Amino acid sequence: MHRPTEDETHGFERTFTTEEVRQFAELSRGTQPRHIEPDEEGRLLIHGLLTATVPTKIGGDLEVLASSMSFEFRRPVYTEERIVCTWSYEELEDRYDLVAAVDCENDAGETVLTATVEGLVWK
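This text gives an overview of the structure that appears in the document. (Residues numbered from 1 in each chain as written. Predicted model: local features only at pLDDT ≥ 70, side-chain atom pairs only at ≥ 80, totals over all residues. Heavy atoms only, no water.)

### Side note on the sheet that holds strand β3 (residues 82-93)
As summarised here, the arrangement of the five strands in space is β1-β3-β4-β5-β2, forming an open sheet in which the pairing is antiparallel. Where the open sheet ends on each side, the last strands, each with one partner, are β1 (9-15) and β2 (64-73). On average, each strand axis in the sheet is tilted by 20 degrees relative to the strand beside it, whichever way the strands run. For β2 and strand β5 (residues 111-121), the ladder comprises nine bridges, and the chain directions are antiparallel. Bridge assignment links Ser70 to a residue of β5, and that residue is Thr116. (Pairing = 2+ DSSP bridges. Helix = DSSP H or I, 4+ residues; strand = E, 2+ residues; numbered from the N terminus. Axes fitted to C-alpha atoms, helices over the stretch in contact; angles between N-to-C directions.)

So, in structure tokens, the structure goes:
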């Protein structure tokens, strides 16, 4: 098993499709028109919690068991917009208890989501 260190940074990028947003809307019952009807550019607004699955994918890869996650949704995200997410450990006690900072940006370099994750690395 990989043992994390405080200086590690991890990344993941994702572009959501119209079909994925509609599936999430159906599953979550978040069917506001902005999530299921295209805007004048043919895009759907992505649910904040669907956007939040980008950093949770990193946490899953790292075998993190989160005890709390705090999200700040800074800008809207639309379908076919690439999101690049970076996960950095801020605190790591005994190499297992952790606090991680998350920053997600669009292709224009604008922050769309920040988060703090607390938890532990699964042994």
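### Quick look at the nonpolar core
Ranked by size, the top nonpolar core spans 26 residues in total, and within it Val64, Trp87, Tyr89, Leu98, Val102 and Cys104 carry the most contacts. Within the residue set of this core, elements represented by two or more residues are α1 (18-28), α4 (53-61), β3, β4 (97-106) and β5. Ignoring anything within four residues of it in the chain, the contact list for Val102 reads Pro55, Cys85, Thr86, Trp87, Leu113, Thr114, Ala115 and Val117. (Core = buried A, V, L, I, M, F, W, Y, C linked by side-chain atoms within 4.5 Å. Buried < 20%, exposed > 50% of the residue type's maximum accessible area, 1.4 Å probe, protein only. Contact = heavy atoms within 4.5 Å.)

### Remarks on the side chain of His47
Along the chain, the position of His47 falls in the loop between α2 (33-36) and α3 (48-51). Side-chain polar atoms of His47 contact the backbone oxygen of Gly30, separated by 2.8 Å. Among residues more than four places away in sequence, those in contact with His47 are Val21, Phe24, Ala25, Ser28, Gly30 and His35. (Polar contact = N/O pair within 3.5 Å; in protein donor to acceptor, adjacent residues only side chain to side chain.)

### Examining a negative patch on the surface
A cluster of acidic residues, Glu90, Glu91, Glu93, Asp94, Asp97 and Glu118, forms a negative patch on the protein surface. Examining the composition of the negative patch, we find that three residues originate from one element, β3, more than from any other. You can see Glu90 is positioned in strand β3. Its relative accessible area of 47% is what places Glu90 among the partly exposed residues. (Patch = residues over 30% accessible without salt bridge, like charges linked within 9 Å, V, L, I, M, F, W, Y side chains within 5 Å. Areas by Shrake-Rupley, 256 points an atom, 1.4 Å probe, with all protein chains shown as cover. Salt bridge = Lys/Arg side-chain N within 4 Å of Asp/Glu carboxyl O. Lys, Arg positive; Asp, Glu negative; His and termini not counted. Charge placed at Lys NZ, Arg CZ, Asp CG, Glu CD.)

### Some words on the environment of Glu63
Here Glu63 is to be found in the loop between α4 and β2. Put simply, Glu63 and Val112 are 49 residues apart on the chain and 25 Å apart in space, counted from C-alpha to C-alpha.

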